[in-house]
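# Summary of structural features
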Amino acid sequence: MGQGIGIACGVCDTFSPMGTGACPACGGDLSLDPRPQAAAPAVAAVVAPEAPEVAAASAATLTKEELMEQARNYVCKQCSSPVPSGHKFCGACGATVPKEVRDLQVDFFGGMQAPGKARLILIRGDQGVDGLSYLLQGQEHVAGRQDAQILFPDDAWLSPRHANFIYRGEKLVVRDEGSKNGVYVRVRQSVPIKPGDLFLCGDEVFRLDATPKDTSGPEADQTYYYSSPKRPSPFRIIQVLKGGADGMVFCAREKTGSVGREECDLNFPEDIYMSGNHAKIEMAGDGSFTLTDQGSKNGTYYRIDTEQELTHGDYLFLGKQLLRVEMTT
């Protein structure tokens, strides 16, 4: 038989089976009549202690998960007080928690509630909660402004469902959920980039554009448009302003272009997050492009196409939220 449920006498604390009308030791009333009585003893439902051989037989029929669940909700065998997980002694009577129970509690929290393979740390945001940690415990973890588990409700640059952090085997992947403003991952050294791609330096967003087609030919009547001399340019770096309008434009003369706070092709002296020589774009002989961080303090970020595998120490921007990836296993 498993655990017995009964009533403890409010006068002498003698345990009696459920349904007993009077205490066999002192004769106290053990009825559960809710009407007030002059000398009604205090009653409480308790768990009767089992004999060791009965407890062992009962435990043998339980699965490991059930045993760990019991250990997590352990009740003192001496005074029937709940004992918080991890405690070695009962806080009410001082009785020792059995070693096997403590071992099962550790197993419960270490195995059944593992903290996930990775976590996200909020490094900088606009909601005053820098340093907040998000444990990635499931298979998918949606971040966004509304329809998300990782929620930033006040970030107007985030879509309601912005990005999803997904485990694929032992790998963590971030996937853009069709957001308006995209997911930006920090460049570790260099990454390939193509015309139309966006990247971030400091507080500025840029777009790489190929040189547009030549439109300097004459009109139908063979008259040329009156203009400044046109110089050849292999590509352009364009600052993207709020709302998507183009800002400053650098038309490359050679096959490189730089961005920074000073002495670069595009300079932003008032951007406190921009390094002096922040990043550069290089064009290879085959027409491909590379984006390289120039050892900047705050990093260069590129917008991913659809999804990107993440590793320990990666940084990424979602809207105005700067997050760092920490692998815990």
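As shown above, the structure is provided for reference.
Okay, so let's go over this structure. The structure presented is a predicted model; accordingly, all values stated were derived computationally and were not measured.

### Here's the deal with the sheet that holds strand E7 (residues 150-151)
- Pairing in this open sheet of 5 strands is mixed, and the strands run E7-E6-E8-E9-E21 from one edge to the other. Each end of this open sheet is capped by a strand with a single partner; those strands are E7 and strand E21 (307-310).
- Relative to E21, strand E9 (residues 171-176) runs antiparallel, the two sharing 4 bridges. Bridge assignment links Leu172 to a residue of E21, and that residue is Leu310.

### A word on the packing of aromatic side chains
- Scanning the entire structure with this criterion turns up 5 aromatic pairs.
- A centroid spacing of 5.5 Å and a plane angle of 65° characterise the contact between Phe206 and Phe268, whose relative ring orientation is edge-to-face. With a gap of 62 residues between them, Phe206 in strand E13 (residues 204-210) and Phe268 in the loop between strand E17 (266-267) and strand E18 (277-283) connect regions that are remote in the sequence. Phe268 matches Phe206 in its accessibility class, with the two residues each being buried.

### Details of the pattern of salt bridges
- Taken as a whole and judged by the stated rule, the model has 12 salt bridges.
- With a closest N to O distance of 3.8 Å, Glu170 and Lys117 form a salt bridge. Linking Glu170 in the loop between strand E8 (163-168) and E9 with Lys117 in the loop between helix H3 (99-112) and strand E4 (118-124), this pair joins segments that are 53 residues apart in sequence.
- By relative accessible area, which is 62% here, Glu170 ends up exposed.
- For Lys117, a relative accessible area of 24% gives the class partly exposed.
- Because the salt bridges share partners, they merge into one network encompassing Arg161, Arg175 and Glu177.

### Here's the deal with unusual backbone geometry
- The backbone of Gln222 sits at a positive phi, close to 70°, despite the residue not being glycine.
- Within the secondary structure, Gln222 is located in the loop between E13 and strand E14 (235-240).
- In this structure Gln222 comes out as exposed when scored by relative accessible area, which is 57%.
- Notably, Glu263 is not glycine yet its phi reads approximately 55°, a positive angle.
- Note that Glu263 resides in the loop between strand E16 (256-260) and E17.
- Judged by its relative accessible area of 81%, Glu263 is exposed.

### Points about the side chain of Ser159
- Relative to the elements of secondary structure, Ser159 occurs in the loop between E7 and E8.
- There is a polar contact of 3.0 Å between the side chain of Ser159 and the backbone nitrogen of Lys180.
- When near neighbours in sequence (up to four residues on either side) are disregarded, Ser159 contacts Gly144, Arg145, Ser179 and Lys180.

### Quick look at the pairing of strand E15 (residues 246-251)
- Of the strand pairs in this sheet, E14 and E15 are connected by 4 bridges, and their pairing is antiparallel. Across the sheet, the residue bridging to Ile237 is Phe250, located in E15.
- Hairpin connection between E14 and E15: a loop of 5 residues separates the two successive antiparallel strands, and Gly243 in this loop has a positive phi of roughly 95°.

### Some words on the nonpolar core
- Ranked by internal contacts, the top residues of the largest apolar core, which has 42 residues, are Phe165, Ile237, Leu291, Leu316 and Leu318.
- Discounting chain neighbours no more than four positions away, the residues touching Leu318 are Ala143, Asp155, Leu158, His162, Ala163, Phe165, Val183 and Leu323.
- Listed in part, the 6 residues of the second largest apolar core include Tyr184, Leu200, Phe317 and Leu322.

### Examining the sheet that holds strand E11 (residues 190-193)
- The 5 strands are arranged E11-E19-E18-E16-E17 in an open sheet whose pairing can be described as mixed. Two strands in the sheet have a free side with no partner beyond their single neighbour: E11 and E17.
- With 2 bridges joining them, E16 and E17 adopt parallel strand pairing. Each bridged residue has a counterpart across the sheet, and for Gly260 the counterpart in E17 is Asn267.

### Some words on the pairing of strand E20 (residues 300-303)
- In this sheet, E20 lies alongside strand E10 (residues 183-186) in antiparallel orientation, the contact comprising 3 bridges. Within the sheet, the bridge partner assigned to Val185 lies in E20 and is Tyr302.
- Note that strand E12 (residues 198-201) and E20 share 3 bridges and pair antiparallel. Each bridged residue has a counterpart across the sheet, and for Leu200 the counterpart in E20 is Tyr301.

Definitions and cut-offs
- Residues numbered from 1 in each chain as written.
- Predicted model: local features only at pLDDT ≥ 70, side-chain atom pairs only at ≥ 80, totals over all residues.
- Heavy atoms only, no water.
- Pairing = 2+ DSSP bridges.
- Helix = DSSP H or I, 4+ residues; strand = E, 2+ residues; numbered from the N terminus.
- Phe/Tyr/Trp six-rings, centres within 6.5 Å; stacked < 30°, edge-to-face > 60°.
- Buried < 20%, exposed > 50% of the residue type's maximum accessible area, 1.4 Å probe, protein only.
- Salt bridge = Lys/Arg side-chain N within 4 Å of Asp/Glu carboxyl O.
- Polar contact = N/O pair within 3.5 Å; in protein donor to acceptor, adjacent residues only side chain to side chain.
- Contact = heavy atoms within 4.5 Å.
- Core = buried A, V, L, I, M, F, W, Y, C linked by side-chain atoms within 4.5 Å.

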